[in-house]
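Descriptive analysis of the structure
Single-letter residue listing:
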Amino acid sequence: MKKIVISTGGGDAPGLNAVIYAVVHACYKRGWEVYGSRSGYMGLLDVDELVRLGLDDVEDIYSTGGTIIGSTNKGDPFAMPVENLAGEMTVVDVSDKILHNFRRMRFDCHIAVGGDGSLEIARKFAEKGMPVIGVPKTIDNDLEATDRTFGFDTAVSTATEALDKLHSTAKSHDRVMVVEVMGRDSGWIALYSGISGGADVILIPEIPFDMEKVCEKIMDNALHEKHYAIIVVAEGAVAAGGKVISKGMGEVGRSELLLGGVGEWVASEIRARTGKDTRSLVLGHLQRGGSPTTFDRLLAMRFGAAAVRLIEEKKFGHMVALISPNMSAVPLEDAVKSRKKVDLNNDKVFTAREIGICLGD
Ligand code: F6P
């Protein structure tokens with residue numbers, strides 16, 4: 001009999017519960033026990049906080065959003081922020097304590113579900129001797145080692161539905177609507193939803209944009225008696241010529257961005273340059289919420305089942321990956337090496353250009 005612990009780290013993504021469902025079922029079939037670590041890796045700091053997961057606990061959860069065991073963005077056990085006696089913030093390494101608890105509980109493997117940050121932590125634990133299997137997760141779909149991550153399809157569906165709705169209000173008021181979607185480093189959500197949702201302009205981090213081109217497209221619409229426009233902007237999009245306006249580039253802080261990110265900046269430029277009535281909105285965490293689509297449920301369950309198979313094969317230190325059409329195992333160090341950017345020779349980029357969408361260049 002084996003004892004497995006599962007954690008879900010980083011930002012949530014629709015499909016996390018479907019992974020947990022599949023892991024619990026696949027382990028049950030083998031007569032293994034599963035425990036959930038609350039709030040990512042940090043749940044292992046206090047063994048009393050671990051929750052035993054049986055079939056009853058996971059009944060029907062595959063169709064729900066979020067994660068039944070919680071997640072955290074601030075939980076790096078190798079550098080955990082704490083307040084010292086002087087009231088100052090500092091960091092401590094609690095990884096030894098976590099490894100100690102893992103061994104004390106006699107766990108055979110830790111299934112770590114997470115994005116690049118959590119998988120990097122998984123890699124460090126594997127290096128320290130913990131048997132770990134990684135499961136990739138991010139709505140941004142930007143992990144190079146796997147064809148797809150779950151949560152992406154749901155995020156794209158949510159964004160597309162929002163764009164569909166914005167068309168009628170934009171048209172009624174002859175307005176330009178600028179919609180900022182998630183995608184710090186890559187433009188996958190913007191590209192997929194923008195094409196599917198009939199956008200006029202899609203701006204992604206991979207193609208620095210020229211505001212002149214964006215405005216030309218809007219004015220060109222008017223020549224064809226289309227007096228409104230839908231602009232989709234990935235949160236990591238940047239203007240050409242080195243003007244840094246996006247998250248992750250260091251010029252502005254996160255909270256400022258949440259109040260006024262690249263979408264708002266693009267909207268104000270359009271207003272100033274074209275005189276068009278312009279509005280902007282940030283879809284934000286809506287894209288991470290709700291029930292996973294069929295595609296994401298299936299992918300998440302395949303990842304969960306494949307992770308349990310890897311334990312059987314003793315392929316520790318690996319991450320499950322979709323290398324279509326099958327599930328594969330990728331060493332964790334390769335899994336976290338590089339981000340999957342939108343390749344400009346990608347057919348979706350060609351499609352966007354073919355159907356007259358301006359990509360800002
Ligand atoms: O999951 C990745 C992501 O969706 C990014 O695109 C976004 O910048 C980030 O999460 C926001 O997450 P949070 O507000 O939870 O830190």
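In this text the structure is predicted, and so the values were computed from the model without any measurement.

Procedures and definitions
- Residues numbered from 1 in each chain as written.
- Predicted model: local features only at pLDDT ≥ 70, side-chain atom pairs only at ≥ 80, totals over all residues.
- Pairing = 2+ DSSP bridges.
- Helix = DSSP H or I, 4+ residues; strand = E, 2+ residues; numbered from the N terminus.
- Contact = placed C-beta atoms within 7 Å.
- Axes fitted to C-alpha atoms, helices over the stretch in contact; angles between N-to-C directions.
- Expected span 1.5 Å × (residues − 1).
- Buried ≥ 20, exposed ≤ 12 C-beta atoms within 10 Å, placed from the backbone.
- UniProt positions renumbered as here; feature names shortened; annotations may be inferred.
- Core = buried A, V, L, I, M, F, W, Y, C linked by C-beta atoms within 7 Å.
- Domains from an automatic or database assignment.

1. Regarding the sheet that holds strand β2 (residues 33-37)
- The mixed open sheet is built from seven strands, whose spatial order is β3-β2-β1-β6-β7-β12-β13. The open sheet has two edge strands with one neighbour each: β3 (51-52) and β13 (326-331).
- Summarising the sheet, β2 and β3 pair through two bridges and their orientation is antiparallel. Along β3, the bridge assignment pairs Gly36 with Val51.
- Against the sheet, helix α1 (residues 16-30) engages β1 (3-8), β2, β6 (109-114) and β7 (132-136), with an angle of about 175° to β1.

2. With respect to helix α4 (residues 116-127)
- An ideal rise of 1.5 Å per residue puts 16 Å on twelve residues; α4 measures up with 16 Å between its terminal C-alpha atoms.
- Along α4, the positions that sit buried rather than exposed are Asp116, Ser118, Leu119, Ile121, Ala122, Arg123, Phe125 and Ala126.
- On its buried face, α4 is in contact with α3 (95-104), β6, β7, β12 (318-323) and α11 (332-335).
- Phi turns positive one or two residues past the end of α4, at Gly129, with a value near 110°.

3. So, the UniProt feature "active site" (unreviewed entry) in the chain
- The positions that UniProt labels "active site" (unreviewed entry) are, in the present scheme, Asp140.
- Structurally, Asp140 can be placed in the loop between β7 and α5 (152-173).
- For Asp140, a count of 27 C-beta atoms within 10 Å corresponds to the buried category.
- Excluding anything up to four places from it in sequence, Asp140 contacts Met182, Gly183, Arg184, Ser186, Trp188 and Ile189.

4. Observations concerning the nonpolar core
- Counting 111 residues, the largest nonpolar core has Val23, Val179, Ile189, Ile202, Ile231, Val233 and Ala307 as its most contacted members.
- Among the elements that line this core, the one with the most residues is α1, at ten residues.
- Taken domain by domain, this core gets at least three of its residues from each of domain 1 (3-150 + 292-335) and domain 2 (153-289).
- Apart from the residues lying within four places of it in its own chain, the contact partners of Ala307 are Val23, Ile111, Ile133, Val135 and Val320.

5. Some words on the pairing of β12
- As judged from the two bridges shared by β7 and β12, these two strands associate in the parallel manner. Paired with Gly134 across the bridge in β12 is Met319.
- Relative to β13, β12 runs antiparallel, the two being bridged by six bridges. Across the sheet, Ala321 pairs through a bridge with Ser328, a residue of β13.

6. Some thoughts on unusual backbone geometry
- For the bond from Ser324 to Pro325, the omega torsion is 5°, close enough to zero to count as cis.
- Along the polypeptide, Pro325 turns up in the loop between β12 and β13.
- The residue Asp174 is not glycine, and still its phi comes out positive at about 50°.
- With respect to the helices and strands, the residue Asp174 is situated in the loop between α5 and β8 (176-181).
- For Lys314, which is not glycine, the phi torsion reads 55° and is therefore positive.
- Considering the arrangement of structural elements, one finds Lys314 in the loop between α10 (294-312) and β12.

7. A few points about the sheet that holds strand β10 (residues 229-234)
- With parallel pairing, four strands are arranged side by side in an open sheet as β9-β10-β8-β11. Either end of the sheet is taken by a strand with one partner, and the two such strands are β9 (201-203) and β11 (278-282). Each strand axis lies, on average, 15° off the axis of its neighbour in the sheet, ignoring direction.
- Direction of pairing for β8 relative to β11: parallel, over a ladder of five bridges. Counterpart to Met177 in the pairing with β11 is Arg279.

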